[in-house]
Structure formats: structure tokens, C-alpha cells
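Structural overview for review
If you want the building blocks of each chain, they are given just below.
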Amino acid sequence: MSEHHNLLLSLLHSTLNPEGDIHFLAIAEKEMQVYEKERPVHQVRVALTFQEGDTVNPYYDGTDLFVTIGEDSIEFTLEKEWADNPPAIEGSPIEFALGWVAELAEPFYVSPEALAAAEANSHPRYSNNPQGHNHQEESEK
């Protein structure tokens, strides 16, 4: 995982998961041709669910948010486009999370639960864990 993906994952954890009960299933990021503060805007697609102990909720919510990425910082931007709106996906089974995130770009983060659910559902893109798929385990909390 690249350094800016690590920074982005850290920002998402600190902002969306302050209590530690959110489980990120899959995350993708794609640069857009929009500029904010002289830096390109990146669309970030996040599929997440709740977690109690070792149990992950079988349904996920998904949203698109936007960030600017500097050499050593990542900041949310265009909040009016996403911050106060409901999730783009609500209450969908987790076996569809990976496919939905991958519609934006190849995910840079995939939890073992999301990968297993996609494989069990025979998602054509992720069955048999094809070469080139970058599977990342969730970081220690």
C-alpha cells in the first residue's frame, strides 16, 4: 500500500471510526479532473459496516467522499457534495461491497471479510483471487 493510501486509511479511521466499532470492507480512490486549492481532487469510495467484537454485520453502507492529497497530508474537500447526504448504498449485503467499490477503481484496501464474501458469492472479478488483486488485511487498531 502506498504512503498516501496509508495516510488516507488513517484519516478515515480517525474521522469515521473514533469509537472503533466501524469495520472498513473495501476502499478505492481515483483522481478526478477537479482542482481545489491548486491540488487535484480524489474521489474515495468506502464500503463499511459495524463490528461487535469479532462479529461483522452482514450488511454494509457505502459512500463516496472527496479529498485533496498533498505530499504529506490529506484533507477532506467538497464536503457540501457528500458530508450531509445519506450514504449512496444503505443496508446492502456485504458480498456486494467489493464489487461496488471496484466500480470506481481497483481497491487499495480490502478486508478479509469483504474478499471472502465476494468469493463466496462468485463475484466474477474476485473469485479465485486473480493475480494483480492487492489484498490488504486490516491494520491493527
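In short, a report on the structure.

Remarks on the side chain of E29
Topologically, E29 is positioned in strand β1 (residues 22–36). Although buried, E29 forms no salt bridge, and the nearest oppositely charged side chain, K30, lies 10 Å from it. Here H4 takes part through its side chain, which lies 3.2 Å from a polar atom of the side chain of E29. Within the structure, the side chain of E29 is placed 2.4 Å from the side chain of H42, a separation counted as a polar contact.

Here we look at the pattern of salt bridges
Counted according to the given criterion, the structure contains 2 salt bridges. Between R39 and E75 there is a salt bridge, with its nearest N and O atoms 3.4 Å apart. In this pair, R39 is assigned in strand β2 (residues 39–52) and E75 in strand β5 (residues 74–76), connecting sequence segments 36 residues apart. On the accessibility criterion, E75 (33% relative accessible area) is partly exposed. Among the salt bridges present, the one from R45 reaches D64, with a minimum N-O distance of 2.7 Å. Linking R45 in strand β2 with D64 in strand β4 (residues 59–69), this pair joins segments that are 19 residues apart in sequence.

About the thresholds
Residues numbered from 1 in each chain as written. Predicted model: local features only at pLDDT ≥ 70, side-chain atom pairs only at ≥ 80, totals over all residues. Heavy atoms only, no water. Helix = DSSP H or I, 4+ residues; strand = E, 2+ residues; numbered from the N terminus. Buried < 20%, exposed > 50% of the residue type's maximum accessible area, 1.4 Å probe, protein only. Lys, Arg positive; Asp, Glu negative; His and termini not counted. Salt bridge = Lys/Arg side-chain N within 4 Å of Asp/Glu carboxyl O. Polar contact = N/O pair within 3.5 Å; in protein donor to acceptor, adjacent residues only side chain to side chain.

All we've got here are geometric facts, nothing functional implied.
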